Amino acid sequence: MSLLRSLAARIAGAFSARDTAEARAEMEAHLEMETAENVRRGMQPAEARRQALLASGGITPASEAVHDQRGLPWLESIGADIKYAFRALRHSPAFTIVVIITLALGIGANTAIFSVVRGVLLKPLPHRDGDRLVYLRHASDRPGGSNINFSVPEVRDFRTGAPSLAGIAEYSPWSGVLYHGNDVTRISIGLVTGNFFDVMGLSPVLGRVTRAADDGIGVPPVIVLTHAFWLRRYGGDSSIVGRQVRLNDESATVIGVLQPAPYFPDRVDAFTNMVVSPHHVGAMMVQTRVHRMTEMVARLAPGATLDQARSEVAAVHARVLTEFKDAYNPAAHYTVTVIPFKEAIGANARVTLFLLMIAAAFVMVICAANVTNLTLMRRMRREHELVVRTAIGAGAGRLRRLLLVENLVLTTAGWSLGLLVAAGGVSLLTSFAERVSPRADEIGVDGVVLGFAFALSVGLAVLLSFAASLPQQRHLASSVAAGSRRMTGGLKKQRLQRALVVAQIAVSVVLLAGAGLLTRTMVQLVNIGTGLKTEQVLTLPVPLLNVSRVVDPAQIVAADVGNKLMYER
């Protein structure tokens, strides 16, 4: 507690003018006592005061020493440096504006890209223990070949033969027409087993989710709305839970609303149990090994590792290939890959975002080189000032701190303006990310992104502060003599500037060449002849539905046109 009180007293003393006045008054009283003592010894009053001043070291230095002991002199010194930095930058408005704008573009671009990378690839999944989730991919020809999904018998094989997977859930993409009163909406549906949400680690915000009792033939159809669809279609109406709706020609009960989460491999509006689709609970789907329409997600058992799961899945797959040779063409080279769920949902976006990060890093290099060149040129004009400061006793550490504070002011201003640039860039990049990632809704400027941008600005400030050398004590005389005449800097500084210019040109050429090649590739892809006449051709997807009776077919067509219409030229 005494340490805290002492620290509080020092902080108060650093900002209190009263303490300085009291110290000065104490020194005046002490000086009067010393003067009186000298007069008593036989000195004249003027000489007595002069000797007292010499003995005390002077009122001002002594009072300042007392103030330093009571306050925080280093804090006051930094405050003085900040004031000086603002004053110096105000006298160079063109330099200040150009540097801040340049830094804002570089920091803003990198912040925007990093926010997308964090939201899509780095941010922890909202699922419970999301790092324990895995996705099983069944492919042919090669591990990266086309995904052919699983059949229900194959899912049973992995359930019984891979104990490292504590739970395996099934998911099948589907679509349907949702009737609610007089409204009809075409929706994307995920047909799931009752344990799907338990395996995925997702919870409802309203009602409940599916469970084991919702599996099988003859159970009532139930539907779980996704959070986004609930807000978009029902405006967040909590009374929707428990209502009966029509899904195609079946009556289903809305049992809950799911928490916000990315959906993979398809973006869906709702989840239902399998009974909604008679085909998915029929004999062909349940018994035929080659009828592959199911995606598989699983959760690692407690204590199990990813390598163990991969080893067990590979053993099960090898046994199945041997036991059911008629169901697997050897020439197809079937493989089953166990992939962390987080990697699976980011696979489509990873390469694209990696290239964008490289491009943003190149932009940052160009901006840093440009700002460093401008700083070196300004540093040459301030050569005489730094030489004089060195001559009157300023050490290298003191000068570096002065330059660091000034550059921190610049980079902090660039960081603040760069956040505005990043905000606009994030909105554009989010629209792009929606095409390649189901996690686009998680993109945003949060504390981690702000910290990244600030760390980038501090790093730039340190780089700018140590970009050039400081005056040396042994060369002060020649530096003072030549300071007024030298404007271009020494040979070492000129070499550094030339190297920075070369770096800017090299990186710019790489960026321009990459952009040119990408543009050329896109133009060639657009102009590839397909052999078909696509002018004035309209395509409309018409999915087959399990509809035995439809009240108004025109409603379904209208829903399709509103939700699925595409044009191709």
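Fair warning: this is a prediction, and the values are worked out from it, not measured in the lab.

Examining unusual backbone geometry
Turning to step 1, where the next piece is worked out: At asparagine 149, a position not held by glycine, the phi torsion is positive, near 65 degrees.
Turning to step 2, where the next piece is worked out: Along the chain, asparagine 149 falls in the loop between β1 (133–139) and α7 (152–161).
Turning to step 3, where the next piece is worked out: Take asparagine 149: its relative accessible area is 16%, and that puts it in the buried class.
Turning to step 4, where the next piece is worked out: For histidine 333, which is not glycine, the phi torsion reads 55 degrees and is therefore positive.
Turning to step 5, where the next piece is worked out: You can see histidine 333 is positioned in the loop between α11 (306–323) and β10 (335–340).

A short note on the nonpolar core
Turning to step 1, where the next piece is worked out: Counting residues in hydrophobic clusters, the biggest one holds 26 residues, and the most contacted among them are Phe196, Phe197, Leu258, Phe271 and Phe341.
Turning to step 2, where the next piece is worked out: Of all elements in the fold, only β1, β2 (165–180), α8 (196–200), β5 (222–225), β7 (250–258) and α12 (341–381) reach the threshold of two or more residues within this core.
Turning to step 3, where the next piece is worked out: Among the elements that line this core, the one with the most residues is α8, at four residues.
Turning to step 4, where the next piece is worked out: Of all hydrophobic cores here, the second largest spans 21 residues; its members include Leu136, Ala162, Met296 and Ala332.

A look at the packing of helix α6 (residues 93–122) against helix α15 (residues 447–465)
Turning to step 1, where the next piece is worked out: Interaxial distance between α6 and α15 falls to 9 Å at its minimum, and their mutual angle equals 145 degrees. As for how α6 packs across α15, the hand of that crossing is right-handed. Facing Leu103, Ile107, Asn110, Thr111, Phe114, Ser115 and Arg118 of α6, the residues of α15 in contact are Val448, Val449, Phe452, Ala453, Leu456, Ser457 and Leu460.
Turning to step 2, where the next piece is worked out: Considered class by class, the residues forming the contact of α6 with α15 number nine nonpolar, four polar and one charged.

Description of the side chain of arginine 289
Turning to step 1, where the next piece is worked out: Relative to the helices and strands, arginine 289 resides in the loop between α10 (283–287) and β9 (295–300).
Turning to step 2, where the next piece is worked out: Residue arginine 289 is classed as buried on the basis of its relative accessible area of 12%.
Turning to step 3, where the next piece is worked out: A distance of 2.8 Å separates the side chain of arginine 289 from the side chain of aspartate 157, its partner in a polar contact.

What to know about the packing of α7 against α11
Turning to step 1, where the next piece is worked out: Contact geometry for α7 and α11: axes closest at 10 Å, N-to-C directions at 130 degrees. In terms of axis orientation, α7 runs oblique to α11. The two elements α7 and α11 meet at a crossing, and its hand is right-handed. Residue-level inspection shows Asp157, Phe158 and Gly161 of α7 in contact with α11, the latter providing Glu312, Val313, Val316, His317, Arg319 and Val320.
Turning to step 2, where the next piece is worked out: Within the contact of α7 with α11, the residues separate by chemical class into four nonpolar, two polar and three charged.

Section: the pattern of salt bridges
Pairs may arise between side chains of opposite charge once their charged atoms sit close together.
Turning to step 1, where the next piece is worked out: The final tally for this structure, using the stated rule, is eleven salt bridges.
Turning to step 2, where the next piece is worked out: A salt bridge links aspartate 198 to arginine 128, with the shortest nitrogen-to-oxygen separation between them at 4.0 Å. Residue aspartate 198 is located in helix α8, and its partner arginine 128 is located in the loop between α6 and β1; the two are separated by 70 residues in the primary sequence.
Turning to step 3, where the next piece is worked out: Note on aspartate 198: relative accessible area 54%, which makes it exposed.

Conventions we followed
- Residues numbered from 1 in each chain as written.
- Predicted model: local features only at pLDDT ≥ 70, side-chain atom pairs only at ≥ 80, totals over all residues.
- Heavy atoms only, no water.
- Helix = DSSP H or I, 4+ residues; strand = E, 2+ residues; numbered from the N terminus.
- Buried < 20%, exposed > 50% of the residue type's maximum accessible area, 1.4 Å probe, protein only.
- Core = buried A, V, L, I, M, F, W, Y, C linked by side-chain atoms within 4.5 Å.
- Axes fitted to C-alpha atoms, helices over the stretch in contact; angles between N-to-C directions.
- Left-handed = near helix turned anticlockwise from the far one by under 90°.
- Contact = heavy atoms within 4.5 Å.
- Nonpolar A, V, L, I, M, F, W, Y, C, P; charged D, E, K, R; others polar.
- Polar contact = N/O pair within 3.5 Å; in protein donor to acceptor, adjacent residues only side chain to side chain.
- Parallel < 35°, antiparallel > 145°, perpendicular 65-115°, else oblique.
- Salt bridge = Lys/Arg side-chain N within 4 Å of Asp/Glu carboxyl O.

The values are spatial; any link to function lies outside them.
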